[in-house]
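For reference, the chains in residue letters:
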Amino acid sequence: MEYEKILLHISDAGERLNTRYLYALSGMTRAQLERFRQVWPTIETERRRLVIRNLAELTEHSFEVNFDPIFLLVLGDEDSDVRVAAIEGLWENEDQALIGPLVHLLRADEAVHVRAAAAIALGRFVLLGELGEIDRAPAMLAEQALLEAIHLAEEDLEVRRRAVEAIAYSGAAGVREIIEAAYYHENEKMQASALFAMGRS
């Protein structure tokens, strides 16, 4: 299938999105990814959301595809829903190089649901650090960012509770106290996150 034809299809908001075109985006060459980078910003927002959500779903249901280069690219998309879908699409990615971008999103993204998604995603790197499957330094970076979010009074509750769930994988001193404080929090959603965290700790 010609690559330009694929890009034309995913760009056309008036055409029903065809899954076979999406499968063809797996394993792109460097040149194809660069062409994708050029075309992507010209696509209508709702179409970009649809494409990334579908790619994330395909990733969840098939081990044969790899859209990670696309997900990494669109972490910087101007639309927050696209950024969230990209984070979710990277759910299997255990490359510690992903920690930096996720930390940046947790600390700096303007959208609450993006920061919350970043907190959730950082949890697996805390776990990988505890298991010794990634270097300790990047794992500590993930933990520190989560702790900052938890203790940041002006941070949205949704972000803080997702950070509590994520930090629960850590064996560091003070984590038990964080979970206990969440359990006795006045908000029921934070209490629910505490129970979830207890199952992880």
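Preceding block: the structure.
None of these values were measured; they are calculated from a predicted model.

## Re the overall build of the protein
Phase 1: Counting its regular elements, the protein contains 12 helices and 0 strands.
Phase 2: Reading the protein from its N end, one meets helices and strands in the order α-α-α-α-α-α-α-α-α-α-α-α.
Phase 3: Taken along its principal axes, the extent of the C-alpha atoms in the protein is 55 × 35 × 25 Å.
Phase 4: Across the 201 residues in the protein, those meeting the buried criterion constitute 46%.
Phase 5: Contacts in the protein between residues far apart in sequence, at least 24 positions, make up 62% of those at least 6 positions apart.
Phase 6: As presented, the protein carries roughly 10,700 Å² of accessible surface, and 50% of it is formed by carbon and sulfur atoms.
Phase 7: In the protein, 21 side chains carry a positive charge and 35 a negative one; their mean positions are 3 Å apart.

## Some details on a nonpolar patch on the surface
Phase 1: On the surface, a nonpolar cluster with roughly 440 Å² of combined accessible area is contributed by Tyr-183, Tyr-184, Leu-195 and Met-198.
Phase 2: Mapped onto the elements, Tyr-183 comes out in helix α11 (residues 175-183).

## Describing helix α10 (residues 157-167)
Phase 1: Buried residues dominate α10, accounting for 8 of its 11 residues.
Phase 2: On its buried side, α10 packs onto α7 (99-108), α8 (112-130), α9 (136-151), α11 and α12 (188-200).
Phase 3: With a side-chain oxygen lying 2.9 Å from the backbone nitrogen of Glu-158, the N-terminal cap of α10 falls on Asp-156.

## Things to note about the packing of aromatic side chains
Phase 1: Counted by the stated rule, this structure contains 3 aromatic pairs.
Phase 2: Ring centres of Phe-36 and Trp-40 lie 5.2 Å apart, and the angle between their planes is 20°; on these two criteria the pair is classed as stacked. Like Trp-40, Phe-36 is buried.
Phase 3: With a centroid separation of 5.1 Å and 85° between ring planes, the pair formed by Tyr-183 and Tyr-184 is classed as edge-to-face.

## Some details on the pattern of salt bridges
Phase 1: As enumerated under the stated definition, the model contains 17 salt bridges in all.
Phase 2: Put simply, Arg-49 and Glu-46 hold a salt bridge, and the shortest N to O gap is 3.0 Å. Of this pair, Arg-49 and Glu-46 are both found in helix α4 (residues 45-61), 3 residues apart, which corresponds to roughly one turn of the helix.
Phase 3: Glu-46 sits in the partly exposed class, given a relative accessible area of 45%.
Phase 4: Residue Arg-162 pairs with Glu-165 through a salt bridge whose shortest N-O separation is 3.2 Å. Taken together, the residues span about one helical turn, with Arg-162 and Glu-165 both in helix α10 at a distance of 3 residues.

## Describing the packing of α7 against α8
Phase 1: Across the interface, α7 lies against α8 with an axial gap of 8 Å and an inter-helix angle of 145°. Read as a crossing pair, α7 and α8 show a hand that is left-handed. Of the residues in α8, those in contact with Ile-99, Leu-102, Val-103, Leu-105 and Leu-106 of α7 are Val-114, Arg-115, Ala-118, Ala-119, Ala-121, Leu-122 and Phe-125.

## Examining the environment of Tyr-183
Phase 1: Residue class for Tyr-183 comes out partly exposed when judged on its relative accessible area of 36%.
Phase 2: Distance in space between the C-alpha atoms of Tyr-183 and Leu-73 is 38 Å, their sequence separation being 110 residues.
Phase 3: Those residues in contact with Tyr-183 that sit more than four places away from it in its chain are Gln-191, Ala-194, Leu-195 and Met-198.

## Concerning α12
Phase 1: Here α12 is 13 residues long and its end C-alpha atoms lie 19 Å apart, about the 18 Å a rise of 1.5 Å per residue gives.
Phase 2: Restricting attention to buried positions, one finds in α12 the residues Met-190, Ser-193, Ala-194 and Ala-197. Relative to the axis of α12, the buried residues are bounded by an arc of 105° and lie together on one face. Turned more than 90 degrees away from the buried face of α12 sit Glu-188, Leu-195 and Gly-199, all of them exposed.
Phase 3: Packing partners of the buried residues in α12 comprise α10 and α11.

Reading guide: rules and limits
Residues numbered from 1 in each chain as written. Predicted model: local features only at pLDDT ≥ 70, side-chain atom pairs only at ≥ 80, totals over all residues. Heavy atoms only, no water. Helix = DSSP H or I, 4+ residues; strand = E, 2+ residues; numbered from the N terminus. Buried < 20%, exposed > 50% of the residue type's maximum accessible area, 1.4 Å probe, protein only. Contact = heavy atoms within 4.5 Å. Areas by Shrake-Rupley, 256 points an atom, 1.4 Å probe, with all protein chains shown as cover. Lys, Arg positive; Asp, Glu negative; His and termini not counted. Charge placed at Lys NZ, Arg CZ, Asp CG, Glu CD. Patch = residues over 30% accessible without salt bridge, like charges linked within 9 Å, V, L, I, M, F, W, Y side chains within 5 Å. Salt bridge = Lys/Arg side-chain N within 4 Å of Asp/Glu carboxyl O. Polar contact = N/O pair within 3.5 Å; in protein donor to acceptor, adjacent residues only side chain to side chain. Phe/Tyr/Trp six-rings, centres within 6.5 Å; stacked < 30°, edge-to-face > 60°. Axes fitted to C-alpha atoms, helices over the stretch in contact; angles between N-to-C directions. Left-handed = near helix turned anticlockwise from the far one by under 90°. Expected span 1.5 Å × (residues − 1). Arc of directions from axis to C-beta.

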